[in-house]
Structures are given as structure tokens and as C-alpha cells.
Amino acid sequence: MPATADAIVLFGATGDLARRMLLPSLYFLDADGFLPEGFRLVFTARAELSTEAFVEQTRQALSARPEGLDDAVWARFAGRITYVGADATTREGAETLKPALDGCKAPLCFLAVSPSLFEKICGSLAAAGVTTPDARIVLEKPIGRDLATSHHVNATLGEVFAEEQIFRIDHYLGKETVQNLIALRFANTFFEPLWNNLTIDHVQITVAETEGVGARWPYYDEYGALRDMLQNHMLQLLCLVAMEPPADMEPDSVRNEKVKVLRSLRRFTRMDAADKSVRGQYTPGVVSGKTAEGYETERGKKSGTETFVALRADIDNWRWAGVPFFLRTGKRMPEKRTTVVIQFKPVPHSIFGQASLMDMSPNRLVIDLQPDEDISLTLMNKAPGLTQGGMRLQSLPLSLSLLKTYEGPGARRRIAYERLLLDAIHGDATLFVRRDEVEEAWRWVDGVADAWSEAGLHPRPYAAGSWGPSGAFALIERFGKAWSD
Ligand code: BG6
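The structure displayed is predicted, hence computed values, not measured ones.

The rules behind the values
Residues numbered from 1 in each chain as written. Predicted model: local features only at pLDDT ≥ 70, side-chain atom pairs only at ≥ 80, totals over all residues. Heavy atoms only, no water. Near = heavy atom within 4 Å. Polar contact = N/O pair within 3.5 Å; in protein donor to acceptor, adjacent residues only side chain to side chain. Areas by Shrake-Rupley, 256 points an atom, 1.4 Å probe, with all protein chains shown as cover. Helix = DSSP H or I, 4+ residues; strand = E, 2+ residues; numbered from the N terminus. Nonpolar A, V, L, I, M, F, W, Y, C, P; charged D, E, K, R; others polar. Buried < 20%, exposed > 50% of the residue type's maximum accessible area, 1.4 Å probe, protein only. Pairing = 2+ DSSP bridges. Right-handed = clockwise from strand over helix to strand, strands pointing away. Phe/Tyr/Trp six-rings, centres within 6.5 Å; stacked < 30°, edge-to-face > 60°. Lys NZ or Arg CZ within 6 Å of the ring centre and 35° of its normal.

A. Looking closely at the site of the ligand. Around the ligand lies a shell formed by Lys-141, His-171, Tyr-172, Lys-175, Glu-209, Arg-216, Asp-228, Met-229, His-233, Lys-331, Lys-336 and Gln-370. Within the side chain of His-233, a nitrogen or oxygen atom sits 2.7 Å from an oxygen atom of the ligand. In the environment of the ligand, an oxygen atom lies 2.9 Å from a nitrogen or oxygen atom belonging to the side chain of Lys-336. When isolated, the ligand has an accessible area of 400 Å², and the protein chains bury 80% of it. At three residues, the largest contribution of residues to the shell around the ligand is made by helix H8 (residues 217-242). Here the shell around the ligand is built from residues that sort into two nonpolar, three polar and seven charged.

Set out below in C-alpha cells:
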């Protein structure tokens, strides 16, 4: 059994991720009694601040949230905090953390900092002796920008930490409905016999955002939608849809199955670039009733980076041979929506005659992850009433209405990081990404990027507030399907 962490050391504690996600998540874990007795919160960043000043900043940030602060919980939470102003990329900086960790055996080091600092911070933590055999390190994406750089980062981390000590976050895995995909597939008997190329026609995964890139362009311009979203969140969703049943929920059982899927992804070729993928970049437009600037205006100059990507992925194995997976993600789309659609094959023969042919639509399992959570299965029914010339049909959704789960006093949607922090504290790596998983995902994504550059495939413009370039519709239509919007 991995040791339970006795402290978190949060690097980048004054940053955006810490303020918006990590501090509230830790507070909610404390409120729900999930932080172990004596668990310390050691916050660190370069800024020179006293613990009192940091505690006050944290109190203000947390009280501005809609949930408000509970006095007793806050008193307990604030009592756990120490702030250390330090440059953790140097050994001397890392040394200054030691008094706050005196007596701690299993610190959880969370790097909420620029990935360019990962290697330096790990090196200085090791040199200063902050790491212990039971210490853990938690990292945010991106781990590298391609296979070679991710390999380098992983190798350097591996010099300081064993793989079991490294927790790579993909925050999508902390989302309740993403975990629900596992429950849906493996806690019900009736999906599994249908979950293959005999019954499923194709799969669509859409992650649409209304937000633009804005001030994040220095990072984003180097990555683009392929590396920022598809390499990680979308491939994780694809893996959870496509993987074989793991023997149990042990970290390696689940991760082994995901790696097998990634290895089975068919490599993109130069020919596939134009045939099976589309890149887009937003131009000025209107999103949610407000005018929005184009990407190049935000960026301040011309750019060849895509803010939209749609592509067809193929999984070459027995279960999925011949079933296309259409993936689509973009910034400045008309709505924020993350949806997985499993479309089943049409009935082999209709007994209902000519009139009903127009009514028929294939069954679809629609898994909405954001903004509302819902799982629905569309089923064909008889349209009520009297008709002449044959029965008329209609498609109706059988819905789990997960929205109701979040109704009622005290009910709230959890931040994905609550689950991930709790698991990292207890050393459960099931929802974290293993080294070979990251590297296999990069291997495939590198193939797509190489195919694009060999074929000279540039982003096509699309107006902010639209569903991407027209080529995205043509792409899926070429294979006889349509986006399920
Ligand atoms: C991040 C990406 O990983 O995920 C962002 O870097 C993106 O560009 C974000 O906006 C989306 O996360 P969510 O949880 O809002 O869907």
C-alpha cells in the first residue's frame, strides 16, 4: 500500500491554476473531511510574501466563490498553511522548504508551474534532499511538445523519481462523467456485447469551447489544438471508449488497456492529411452575442497555428476494425460542449414501408460531459396516432438526466482536481497518465503533425462562433456520416 501523503508542496502557489482550481479543491477536500489529520499545506512561489499575507489572499479568493466560506473549516484549513517564498529551480531555494516539511515522510510535490521548469525543480528538490522514498511528484500537461521532448522530460524525472512516484495529470480524467464512461461500459451487461464493429457504425468525440486563446497565445502558438487538446484529453476519451475491459481498477490494469488502444491507432500518412483531417484558425466573428477578435489579432501577427482540428482516427484491432472515430475540437465555437456519440448501425432491413423510411434514424448513445451531464440513448418508437399507409416512427431519447444529481441543498459539481488531489494523496495512480501512455500518444500525434507538414496542410479560416471551417463538414460527409449537432 502506498503511504498516505502527509503534506502537499504546491509550486506556483500564486499562479492562476492554484487560485482557480487547486486552492478551492484543497479547501473542499478539507471541508468534506478528506485531508488527513496533521496534513500540511506548504505553498511556494517566487513572490516574497509572509504566510499571513498568503493566508489572507487565499481567504479572499475562496470567499469570492459562490459556495462561500465556512468559518470552522476555514480556521482548520488556514491553520495548515505555510507559505515559503523561494526560487525552487535552485538548490538553495529548495533548501528553504525544508523547515516547513520537518518531520514529513511523504510530501506530495505539485508542480503548477511552466513545464520548462519541471526538470530544474526536480533536480533541485533531489539535490536539497526534499524528496524521500515516499515522496510523490504531480505534473500538469504538457509533458513535452512531441515524442522526443516528452521522452527527455520523462527521462530526467526518472532520474529523481521512480515511475510509481510520478503522477501526470490529465484533468479530464478527474471529471465525474469521464469516470462514468468506465462505469457505463463495465457496470452494465447490455453495452458490452454491442460494443464493437458488428453493431457500432462510428464514434464522434467533440470538445468545443467558446473561449478564444486570448493572453495564453505565447504557450498556445507553439502547441495548437492538436497538441493542446487532442494529444491528451481527446485521446484519453477515445481510450476509455475503445479499451478492452480491464481485469480490475488497479492503476496498471486500466493503463495497460489504454496503451494498447494507443498502439493500435493507425499511423497518419501524407495522403491522410487532406483526406482525413482539417485544420482551422478563427477569424473575427460573434460568439454568444459578443464580437470576438480573430486569433491573429490576439497573437499580434500572422500565425500558422491551428485553433481547430477535426480528424478521422482508425483503431486497427479486432473490436474496432472499420469503425471510424471522428474527433473534433476548437476554440471560439458557438457553444461549450464536450460530447461522445456512439452511433449504431442502421437496422439491416426496414419492415415499415416507404413512408417510414424518412423517419428512421440509427440508435445513438450520446454521452454529454459538459456543460450539462447526461447520457441518453435514442430509440425508435411508433409515432402516436392514426396513420394510413403504414406505421410512422419517431426517435425518442431514453435519458439518465444526470442534471438532477446536482440539484438540492449542498449539492455541487466537484472540481476535477478534487478527485485527482485526493487520489494523489493516497497514491492511487489509476486516473493519472503513465509514461508509456504519454509517449504513445505523442508518437501518434507526431505522425499527424508530420503528415500535415509533408502535405503542406495549413489552417483554414473559420469565423469565431461557427463550427469550424467548411472542410470539417466535408470531412465527415466524405465517409457518409454527419456531425451530430
Ligand atoms: C486545457 C487546455 O488542458 O484544457 C485549454 O490547455 C482548454 O486550452 C482546457 O481550454 C479545457 O478544459 P475544460 O475542463 O474547460 O474542458
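There's more to say after this.
B. Region of interest: the pairing of strand E5 (residues 136-139). Going residue by residue along E5, you find Arg-136 and Val-138 tucked away on one face and Ile-137 and Leu-139 tucked away on the opposite face as well. As paired strands, strand E4 (residues 107-111) and E5 are joined by four bridges and run parallel to one another. From the neighbouring strand, Leu-111 faces E5, where its bridge partner is Leu-139. A crossover connection joins E4 to the parallel E5 through helix H5 (residues 118-128); in handedness this β-α-β unit is right-handed. Here three bridges tie E5 to strand E6 (residues 166-168), and the two strands are oriented parallel to one another. Bridge pairing links Val-138 to Phe-167 in E6. Handedness of the crossover joining E5 and E6 through helix H6 (residues 147-160): right-handed.

C. View of the pairing of strand E3 (residues 81-85). Taken across its five residues, E3 has four buried, putting it largely inside the fold. For strand E2 (residues 40-45) and E3, the ladder comprises five bridges, and the chain directions are parallel. Across the sheet, the residue bridging to Ala-45 is Gly-85, located in E3.

D. The packing of aromatic side chains, seen in detail. A full pass over the atoms with the stated rule returns 17 aromatic pairs. Ring geometry for Trp-74 against Phe-77: centres 5.9 Å apart, planes inclined by 40°, an arrangement best described as tilted. Of this pair, Trp-74 and Phe-77 both sit in helix H3 (residues 71-80), three residues apart, which is roughly one turn of the helix. The exposure class of Trp-74 is buried, given its relative accessible area of 12%. By relative accessible area, Phe-77 is classed as buried at 0%. When the ring of Phe-191 is compared with that of Trp-195, the centres are 6.0 Å apart and the planes differ by 70°; the resulting orientation is edge-to-face. Exposure remark for Phe-191: the relative accessible area of 7% places this residue in the buried category. Residue classification places Trp-195 among the buried positions, given a relative accessible area of 1%. Aromatic ring contacts, followed pair by pair, group Tyr-220, Tyr-282, Tyr-295, Phe-308 and Tyr-462 into a single cluster. We note Lys-175 situated over the ring of Tyr-172; from NZ or CZ to the ring centre the distance is 4.6 Å.

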